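Chains, contacts and geometry: an overview
Below, each chain spelled out in residue letters.
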Amino acid sequence: MTVDLLITDAYIYVDHGHEIAGGWIAIKDGRIHSHGQDAQAAPQAHRTISAHGQLVTPGLINAHHHMYQNLTRSYAPVTNGTLFEWLQGLYPLWAGLDEESVYLSTFIAMVELLMGGCTTSMDHMYVHPKPFLIDAQFRAAREIGFRFHATRGSMTRSVEDGGLPPASVVQDEDTILADSERLVAKFHDASPGAMDRVALAPCSLFSVSERIMRESAMLADKHDLRLHTHLAEDPDEDAYCAEIYGCTPTEYFERVGWASPRSWVAHYIYPSSAEIDRLAHAGVCTAQCPCSNMMIGGGSADAMDLRRRGMRVGLGCDGSASTDHASMWLETRMALLLGRFRHGPHSMSARDALDMATRGGAACLGREDELGHLRPGACADLVIWKMSDIALAGALTDPVEAWLRCAPAVAGTTIVNGRILVEDGVPLMSSLNDILRAHTREARRIQRLSEVAPENRTG
């Protein structure tokens, strides 16, 4: 048998507790075919790549993101604001989103994620000033060959209803539910190895109605979908839920039927210990966003405590307007530093952080069977990591620790579904320069730095 691709001379992190020093890994038909020591006979291959002793890991999985926000990176008026100040300053700008700007921002986000070693990402698209924005995201994902979990986000409460966003970016409940059904029918692929999936993701407890929360949960049961939302992210959320619902955010989450194995939440910074235990027992997962939380300055989830209590924890880049990057390697490094800063040097290792970035993310997306590891039969999503000889000088005993302790690391080769999408650190999308120019034009328009008439825009 001849396989499609063979990677040799690698240090392979197959899975938690399984590593191969000096090994090979074979790919066939978009799946991991086999792996072994270099001393063992490898299959014949149509193409062979030597890793030159570099680290190979499963592709990292981004469990929380807002891709459109790279159109407002480092937007000066809100860089030093709190979470709510940041949102209030940017919502009026995001009201200018349309299909073209969302396509461009999604394309750039996915390429940036690939360069940081991410092979699968969700996106929490909850601002809908125009229809068919998620359709534009799937167009970008398919053109690139990226494994994508779109989440149909929503907001129903504008400023006039006691929420934060302007009326121009919220929708009525019937529109949200009908479009959710449409997207599931058009894009959701439940088959093994799927490249396109859809989940339901009301933005937050303070931005949508109770009806949307409850009916989203029922719709997820109907179609066997995942559920996602922000939860317990900010003390202002506690105050809001106490005033409006007479309970904590977690209690409200439970009340509306979301405490189930379908659900994963973003941030989860301010729950009580008892609330953590209840959601962990219910099978809820969470995505920690270390860089975003530290940039906003609003605290961060205690990932190691959540894991100790039985909750599966993944990592997410969050919105690029707060984090201003989309590197899952950097998020993984920051998760390691944050965990050790909080609990001391014995509390967390690079392997713990890598496990969160791979198997933890796969758990959030409900795909632990085929993503987040390199066992035979897994989806062929993997990364050969690249670091300068200078950065690695003296790092001779532990390639996984060196991967996060030495810096910076980037993806030398990124493979998704058996296809090479980044090679020698360079994305292989031929249209990238044109996309970048168009993205700059749209970012200027969204930030109101220049006015571009719609009839003069090309995509």
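That block above? That's the structure.
**Side note on the overall build of the protein**
Secondary structure assignment for the protein yields 16 helices and 19 strands. Against the globule reference of 23 Å for 459 residues, the protein gives a C-alpha radius of gyration of 21 Å, in line with a compact fold. With the principal axes as the frame, the protein shows a C-alpha extent of 70 × 55 × 45 Å. Taking all 459 residues of the protein together, the buried fraction comes to 60%. Summarising the internal contacts of the protein: among those between residues at least 6 apart in sequence, 74% fall at separations of at least 24. Surface summary for the protein: the accessible area is close to 17100 Å², and the carbon and sulfur share equals 52%.

**Quick word on the packing of helix α2 (residues 99–115) against helix α16 (residues 432–446)**
Look at α2 against α16: their axes get within 9 Å of each other, and the N-to-C directions meet at 125°. Here α2 is positioned oblique relative to α16, judged by the angle of their axes. At the point where α2 passes α16, the crossing takes the left-handed sense. Taken together, the residues of α16 that come into contact with α2 (itself represented by Glu-100, Ser-101, Tyr-103, Leu-104, Ser-105, Phe-107, Ile-108 and Val-111) are Leu-432, Ile-435, Leu-436, Ala-438, His-439, Arg-441, Glu-442 and Arg-445. When the residues that make up the contact of α2 with α16 are grouped by side-chain class, the tally is nine nonpolar, three polar and four charged.

**So, the pairing of strand β11 (residues 227–231)**
A large share of β11 lies buried, amounting to five of its five residues. Here β11 shows two buried faces, one formed by Leu-227, Thr-229 and Leu-231 and the other by His-228 and His-230.

**Observations concerning the packing of aromatic side chains**
Two descriptors summarise a pair of aromatic rings, namely the distance from one centre to the other and the angle between the planes of the rings. This structure, assessed with the given rule, holds 13 aromatic pairs. Seen in terms of ring centroids, Tyr-91 and Trp-94 are 5.6 Å apart; in terms of plane orientation they differ by 85°. Their pairing is edge-to-face. Of the two residues, Tyr-91 and Trp-94 both sit in helix α1 (residues 83–94), three residues apart, roughly one turn of that helix. Each member of the pair, Tyr-91 together with Trp-94, is buried. Between the aromatic rings of Tyr-240 and Tyr-245, the centroid separation amounts to 6.4 Å while the plane-to-plane angle is 70°, which identifies the pairing as edge-to-face. Three or more aromatic residues joined by ring pairs make a cluster, and in this case those are Tyr-68, Trp-86, Tyr-91, Trp-94 and Tyr-126. Above the ring of Tyr-103, the side-chain terminus of Arg-139 is found at 3.9 Å from the ring centroid.

**Looking at the pairing of strand β16 (residues 382–386)**
Within β16, four of the five residues are buried, which leaves it mostly tucked inside the rest of the structure. In terms of strand pairing, β16 meets strand β17 (residues 410–416) through five bridges, oriented antiparallel. Within β17, the residue paired with Leu-382 across the bridge is Ile-415.

**Focus on the pattern of salt bridges**
The full count for this structure, using the stated rule, is 36 salt bridges. Put simply, Asp-135 and Lys-186 hold a salt bridge, and the shortest N to O gap is 3.0 Å. You can see Asp-135 sitting in helix α3 (residues 133–144) and its partner Lys-186 sitting in helix α4 (residues 173–187), a full 51 residues away along the chain. Of the residues examined, Asp-135 reaches a relative accessible area of 12% and is grouped as buried. Across the pair Arg-211 and Asp-174 runs a salt bridge, and its minimum N-O distance is 2.8 Å. Taken together, the residues Arg-211 in helix α5 (residues 210–223) and Asp-174 in helix α4 connect sequence positions 37 residues apart.

Definitions and limits used
- Residues numbered from 1 in each chain as written.
- Predicted model: local features only at pLDDT ≥ 70, side-chain atom pairs only at ≥ 80, totals over all residues.
- Heavy atoms only, no water.
- Helix = DSSP H or I, 4+ residues; strand = E, 2+ residues; numbered from the N terminus.
- Rg over C-alpha atoms; globule rule 2.2 N^0.38 Å.
- Buried < 20%, exposed > 50% of the residue type's maximum accessible area, 1.4 Å probe, protein only.
- Contact = heavy atoms within 4.5 Å.
- Areas by Shrake-Rupley, 256 points an atom, 1.4 Å probe, with all protein chains shown as cover.
- Axes fitted to C-alpha atoms, helices over the stretch in contact; angles between N-to-C directions.
- Parallel < 35°, antiparallel > 145°, perpendicular 65-115°, else oblique.
- Left-handed = near helix turned anticlockwise from the far one by under 90°.
- Nonpolar A, V, L, I, M, F, W, Y, C, P; charged D, E, K, R; others polar.
- Phe/Tyr/Trp six-rings, centres within 6.5 Å; stacked < 30°, edge-to-face > 60°.
- Lys NZ or Arg CZ within 6 Å of the ring centre and 35° of its normal.
- Pairing = 2+ DSSP bridges.
- Salt bridge = Lys/Arg side-chain N within 4 Å of Asp/Glu carboxyl O.

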